[in-house]
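# Residue-level structure breakdown
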Amino acid sequence: MTIDAALTTAMETIPDCIAAGYVDMETGMLLGMSATGTEDGAALETLAVAVANLFQGRGVQAFETLLASAGLQDPENPGFGEISVFSNDRLHIFMRTRAYPEHVVCYICRDSANIGLTLTKSHLSLGSVAAAV
C-alpha cells in the first residue's frame, strides 16, 4: 500500500477528518497526503514546513528539559510523541511514528469532531500509515 492510500484509509476512519499528511521533519517535505479539498491540501503543504519547529523548536525543547528535570519525561523516549492543536474551526493532530521518530503524521479535522474518538482512531491508524513508508 502506498503512503497516500494509507492516509486515505486512515481519513475514512477518523471522524470529520478532512486532510492527512506524512511529513519528514529533517527536510520539511510532505512525503504523502490525502485531502478532501484543494485548500486542505494547501494547508498541509504549509504545515509541513512548520512541523519540525513545532516538535523541535526552542520553546518545546525548554519544556521537555523542564519535564525531564522534574522526572516527568521518559529518558528512553525524549521528545513529545503527539501534539494536538485547536484552532477556530479545526483540530490538528500531529503524531510521531515509533518506527521513524523524525516523521510526523498530521491529521486535520473539523472542530465538530469528537476529540476522544478522533485521538483514538488517529492512534489506531498510526501503525498502518508508518508501515506504508
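Residues numbered from 1 in each chain as written. Predicted model: local features only at pLDDT ≥ 70, side-chain atom pairs only at ≥ 80, totals over all residues. Heavy atoms only, no water.

Successive residues of a regular strand alternate their side chains across the two faces of the sheet. Here six bridges tie strand E1 (residues 17-24) to strand E2 (residues 29-35), and the two strands are oriented antiparallel to one another. Bridging across to E2, Gly21 finds its partner in Met33. Taking the residues between adjacent antiparallel strands as the criterion, E1 and E2 are bridged by four residues, where Gly28 takes a positive phi near 75°. (Pairing = 2+ DSSP bridges. Helix = DSSP H or I, 4+ residues; strand = E, 2+ residues; numbered from the N terminus.)

Another aspect to go through is the sheet that holds E1. On the basis of which strands lie adjacent, the open sheet formed by five strands has the order E2-E1-E5-E4-E3 and antiparallel pairing. This sheet does not close on itself; its edge strands, each paired only once, are E2 and strand E3 (82-86). Across the sheet, the mean angle separating the axes of adjacent strands is 15° when strand polarity is ignored. Examined bridge by bridge, E3 and strand E4 (residues 90-96) share five bridges and lie antiparallel to one another. Directly across from Glu82, in E4, lies its bridge partner Met95. Across the face of the sheet, helix H1 (residues 3-13) comes into contact with E1, E2 and strand E5 (103-110) while running at roughly 45° to E2. On top of the sheet, helix H4 (residues 115-131) reaches E1, E3, E4 and E5; it is set at about 40° to E4, its chief contact. (Axes fitted to C-alpha atoms, helices over the stretch in contact; angles between N-to-C directions. Contact = heavy atoms within 4.5 Å.)

Before going further, it helps to examine unusual backbone geometry. Positive phi values are uncommon outside glycine, yet Asp16 reaches one of about 55°. Tracing the sequence through the fold places Asp16 in the loop between H1 and E1.

The next thing to look at is helix H3 (residues 58-69). Over its 12 residues, H3 extends 16 Å from the first C-alpha to the last, a length consistent with the 16 Å expected when each residue adds 1.5 Å. Considered for burial, the residues of H3 that qualify are Val60, Glu64 and Leu67. Viewed end-on, H3 has its buried residues packed into an arc of 60°, placing them on one side of the element. Exposed positions of H3 whose direction lies more than 90 degrees from the buried face are Arg58, Gly59, Thr65, Leu66 and Ser69. Once H3 finishes, Gly71 follows within two positions and takes phi at roughly 75°, a positive value. (Expected span 1.5 Å × (residues − 1). Buried < 20%, exposed > 50% of the residue type's maximum accessible area, 1.4 Å probe, protein only. Arc of directions from axis to C-beta.)

On to the pairing of E5. Most of E5 is tucked away, with seven of its eight residues classed as buried. Bridge count for E4 against E5 is seven bridges, and the pairing is antiparallel. Paired with Leu91 across the strands is Cys109, a residue of E5. The antiparallel hairpin formed by E4 and E5 contains six residues in its connecting segment.

Attention now moves to the environment of Asn114. Topologically, Asn114 is positioned in the loop between E5 and H4. Judged by its relative accessible area of 46%, Asn114 is partly exposed. Distance in space between the C-alpha atoms of Asn114 and Leu91 is 10 Å, their sequence separation being 23 residues. Polar side-chain contacts of Asn114 include one of 2.9 Å to the backbone nitrogen of Leu117. (Polar contact = N/O pair within 3.5 Å; in protein donor to acceptor, adjacent residues only side chain to side chain.)

All quantities given are derived from atomic positions and should not be read as evidence of function.
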